Amino acid sequence: MINRNVFNPIAYFGNGAVKHIIDEVQTRKLSKAFVVTDSQIVRCGVSEKITRLLEKNNLAYTVFDGVEANPTIDNVQAGVSAFECSDADYLIAVGGGSSIDTAKAIGIIIANPGFTDVRSLEGAAATDNPAIPTIAVPTTAGTAAEVTINYVITDVENRRKFVCYDPHSVPVVSIIDAGMMSSMPPSLKAATGIDALTHAIEGYITLGAWTLTDMFHLQAIELIAAALRASVAGDAQASEDMALGQYIAGMGFSNVGLGLVHGMAHPLSAFYGTPHGMANAVLLPHIMEWNSAFTEGKYRSIAAAFDIPQAYTMPLSEARSEAVDAVRRLNQDIGIPSRLRDIGMKEEDAMALATAALADICTGGNPRPVTLTDILQLYRRLY
Ligand SMILES: NC(=O)c1ccc[n+]([C@@H]2O[C@H](COP(=O)([O-])OP(=O)(O)OC[C@H]3O[C@@H](n4cnc5c(N)ncnc54)[C@H](O)[C@@H]3O)[C@@H](O)[C@H]2O)c1
Ligand SMILES: [Fe+2]
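Sequence positions are assigned chain by chain, starting from 1 and proceeding in written order. Chain letters start at A and ligand numbers start at 1, both assigned in the order the entries are written. The predicted origin of the model limits local features to residues at a pLDDT of at least 70 and limits the giving and counting of side-chain atom pairs to 80 or more, whereas totals for whole chains, interfaces and linings rest on all residues. Side-chain numbers come from the whole structure's heavy atoms, not from hydrogens or water.

A word on the site of ligand 1
Part 1: One heavy atom within 4 Å of a molecule or strand makes the whole residue count as near it. Around ligand 1 sit 30 residues, and of these D38, G97, S98, T140 and T148 come closest.
Part 2: Counting of polar contacts relies on pairs of N or O atoms within 3.5 Å, with two restrictions inside protein: one atom must be capable of donating a hydrogen and the other of accepting it, and residues adjacent in sequence are counted only when both atoms are side-chain atoms. Within the side chain of T139, one N or O atom sits 2.8 Å away from a nitrogen atom of ligand 1.
Part 3: Within the backbone of N150, an N or O atom sits 2.8 Å from a nitrogen atom of ligand 1.
Part 4: For the shell around ligand 1, the secondary-structure elements that each account for two or more residues are α2 (39–43), α5 (97–111), β6 (150–155) and α6 (186–205).
Part 5: Its residues assigned to classes, the shell around ligand 1 shows eleven nonpolar, 14 polar and five charged. Secondary structure follows DSSP: runs of H or I at least 4 residues long count as helices, runs of E at least 2 residues long count as strands, and numbering of each begins at the N terminus. Charged residues are taken to be Asp, Glu, Lys and Arg, nonpolar residues to be Ala, Val, Leu, Ile, Met, Phe, Trp, Tyr, Cys and Pro, and polar residues to be all remaining types, Gly included.

A closer look at the side chain of D38
Part 1: In this structure, D38 sits in the loop between β2 (32–36) and α2.
Part 2: Here the term buried applies to any residue with accessible area under 20% of the maximum for its type, exposed to any over 50%, and partly exposed to those in between, with areas from a 1.4 Å probe on protein chains only. Charge counting treats Lys and Arg as positive and Asp and Glu as negative, with His and both chain ends excluded. Whenever Lys or Arg places a side-chain nitrogen within 4 Å of a carboxyl oxygen from Asp or Glu, that contact is recorded as a salt bridge. Salt bridges are absent for the buried D38, whose nearest opposite-charge side chain, R43, sits at 6.7 Å.
Part 3: Within polar-contact distance, the side chain of D38 engages the backbone nitrogen of I41 at 2.9 Å.
Part 4: Residues count as neighbours in contact if any of their non-hydrogen atoms are within 4.5 Å of one another. Every residue in contact with D38, bar those within four places of it in the chain, is listed here: D65, V67 and S99.

Here's the deal with the packing of aromatic side chains
Part 1: Any Phe, Tyr or Trp ring, taking Trp's six-membered ring, that has another such ring centre within 6.5 Å forms a pair; planes under 30 degrees apart are called stacked, those over 60 apart edge-to-face, and the others tilted. Per the counting criterion, the structure on display carries five aromatic pairs.
Part 2: Measuring from centroid to centroid gives 5.9 Å for F34 and F64, while their planes differ by 15°, and the two rings are stacked. In this pair, F34 is assigned in strand β2 and F64 in strand β3 (residues 60–64), connecting sequence segments 30 residues apart. For the pair F34 and F64, a shared accessibility class is recorded, and that class is buried.
Part 3: Following the ring pairs from residue to residue traces out a cluster consisting of F34, F64 and F83.
Part 4: Geometry around F271 places R159 over its ring, the cationic atom sitting 4.0 Å from the centre.
Part 5: The ring of Y204 carries K298 above its face, with NZ or CZ at 4.6 Å from the centroid. By definition here, charges over rings are those cases where NZ of Lys or CZ of Arg is within 6 Å of the ring centre and within 35 degrees of the ring normal.

A look at the coordination of the iron ion (ligand 2)
Part 1: Donor atoms: N, O and S within 2.8 Å of the metal, or within 3.2 Å for Na, K and Ca. Because water is excluded, sites can look incomplete. Protein coordination at the iron ion (ligand 2) comes from D195 (OD), H199 (NE2), H262 (NE2) and H276 (NE2), with a distance range of 2.1 to 2.2 Å.
Part 2: The geometry test gives tetrahedral to four donors whose angles all lie between 85 and 135 degrees, gives square planar to four donors and octahedral to six donors whose opposite members are over 155 degrees apart with all other angles between 65 and 115, and gives irregular to the rest. Considering all four donor atoms around the iron ion (ligand 2), the spread of angles at the metal, 84 to 168°, places the coordination shape in the irregular class.
Part 3: The sequence motif formed by the donor residues of the iron ion (ligand 2) is D-x3-H-x62-H-x13-H. Of this pair, D195 and H199 both sit in helix α6, four residues apart, which is roughly one turn of the helix.
Part 4: For D195, a relative accessible area of 1% translates into the label buried.
Part 5: The exposure class of H199 is buried, given its relative accessible area of 3%.

Observations concerning the UniProt feature "domain: Alcohol dehydrogenase iron-type/glycerol dehydrogenase GldA" (unreviewed entry) in the protein chain
Part 1: On the UniProt side, "domain: Alcohol dehydrogenase iron-type/glycerol dehydrogenase GldA" (unreviewed entry) is annotated at positions that read residues 11–177 here.
Part 2: End-to-end, the C-alpha atoms of residues 11–177 are 10 Å apart, and along that stretch the chain is 29% helix and 24% strand. UniProt positions are given in the numbering used here, feature names are shortened, and annotations may be inferred rather than shown by experiment.

Details of the nonpolar core
Part 1: Here, nonpolar core means buried Ala, Val, Leu, Ile, Met, Phe, Trp, Tyr and Cys residues that are tied together by side-chain atoms lying within 4.5 Å of each other. L197, F306 and Y379 are the most contacted members of the largest nonpolar core, which has 80 residues in total.
Part 2: Residues contacting Y379, with those up to four places away along its chain left out, are M264, P267, L268, L340, M345, A350, L353, A354 and A357.
Part 3: Grouped together as the second largest cluster of nonpolar side chains are 30 residues, V36, V76, A111 and C164 included.

Observations concerning the UniProt feature "domain: Fe-containing alcohol dehydrogenase-like C-terminal" (unreviewed entry) in the protein chain
Part 1: Residues annotated in UniProt with the feature "domain: Fe-containing alcohol dehydrogenase-like C-terminal" (unreviewed entry) correspond here to residues 190–383.
Part 2: In residues 190–383, helix accounts for 70% and strand for 0%; the two terminal C-alpha atoms are 21 Å from one another.

A few points about the pattern of salt bridges
Part 1: Scanning the entire structure with this criterion turns up nine salt bridges.
Part 2: One salt bridge in this structure joins D155 and R119, with 2.8 Å as the shortest N-O distance. Highlighted residues: D155 in strand β6 and R119 in the loop between α5 and β5 (134–138), separated in sequence by 36 residues.
Part 3: Linking D214 and K298 is a salt bridge whose minimum nitrogen-to-oxygen distance equals 3.1 Å. Residue D214 is located in helix α7 (residues 211–232), and its partner K298 is located in helix α11 (residues 298–305); the two are separated by 84 residues in the primary sequence.
Part 4: Salt bridges sharing common partners tie together R119, D155 and E157.

Quick look at unusual backbone geometry
Part 1: Positive phi, normally seen in glycine, also occurs at D87, with a value near 65°.
Part 2: Overall, D87 belongs to the exposed group, its relative accessible area being 68%.
Part 3: Within the chain, Q310 stands out as a residue other than glycine whose phi angle is a positive 60°.

Some points on the packing of helix α10 (residues 276–291) against helix α12 (residues 316–333)
Angle between the axes and distance between the axes: these two values describe a pair of packed helices.
Part 1: Taken N-terminus to C-terminus, the directions of α10 and α12 make an angle of 165°; their axes are 9 Å apart at the nearest point. With respect to α12, the axis of α10 lies roughly antiparallel. Both α10 and α12 take part in a crossing whose hand is left-handed. Counting all contacts with α10, which are made through A281, L284, P285, H286, M288 and E289, the residues of α12 involved are A323, V324, V327, R328 and N331.
Part 2: By residue class, the composition of the contact of α10 with α12 is seven nonpolar, two polar and two charged. Axis angles are defined between N-to-C directions and span 0 to 180 degrees, where every axis is a line fitted to C-alpha atoms and, for a helix, only to the segment in contact. Any angle from 65 to 115 degrees is called roughly perpendicular, while one under 35 is roughly parallel, one over 145 is roughly antiparallel, and all others are oblique. Whether a crossing is left-handed or right-handed is set by the direction in which the near helix is turned from the far one by less than a right angle, anticlockwise for left-handed and clockwise for right-handed.

Below, the structure written as structure tokens:
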């Protein structure tokens, strides 16, 4: 068995790490930044933390704030057109997964003009060139898009989200600075934090998991299990731990894939605009339970990472229930609803959602084999 791993060439961690953008830009002799972000990030004064830094160092930039949550093909194409008129030679992505994913697609298309339709990037696109240099600054502690090889775009016309896998899209520098995330409201911290936990748990039990990614995923589960409640409550150290935990999860799942939670979450966002983290959060404990018998001894380690006493000595069935219950309790404590109807699902869409989820690339990594009927029943049961 041969495994491949791809990570950022350079990543900085810690409060205040954003200042390193300047030396990275100067040593690379980059001349003008194209800052990719969304209007809410601009309104909250988050992108200003970067643009002020550039100004202070006499570095030129232009801002593109046309990203929407669950970014669309149109958002990417508008970004490509704006880049072409900008004289910029590199990208700075400032935002959550939506801004970083949009920047990844823009960077890939500028360097590989054959893919301007965006749809042809789905799956493993045969791009020839690395994206133009991209510095990613996440402002949520969730997606790890700053380290992953993938990006997710919404095809509004066909009501679907599609995943693109391409090592050429990995940002050359990422800056994991919890100071850039501090303005997140508690509900956003909760939803994006559970997205990170979902990456860690699905990545840990996915079919392609192996020793090295297990190491990342278990460490990420431990960090997130210990930090998420306190981070939602506003604790600064816990928020730094979340920033690191979500990145470590990305080092794992980016290289081995995910599972049915993400497969079923993507259609919910495509149909109803449901925030990605929220869709995952509602699904996670239910799908964990459904997968339970197909996870060998791994839920024991998850229970232990949640600090459940005697996780390694209790009967396996008990350890599995403890792992699921620990996630359910965490969800409750941070205000995640328990039913899909609470986050906008319409019951009459169950078949269309199930068809889309079965076709989603993430579903193929699920440890328990999945049929259309299984997914349909799950959507209906969790409605
Ligand atoms: N590339 C990957 O590996 C990967 C992995 C998981 C998810 N994703 C994708 O990422 C997207 C979701 O990203 P997300 O969950 O980070 O959210 P997001 O980028 O969609 O942002 C959600 C909202 O939060 C706001 N926001 C972000 N940071 C803020 C801050 N610091 N203060 C105040 N408001 C802030 C944004 O303006 C936006 O309105 C989805 O499209 C999902 O499919 C990508
Ligand atoms: Fe995710």
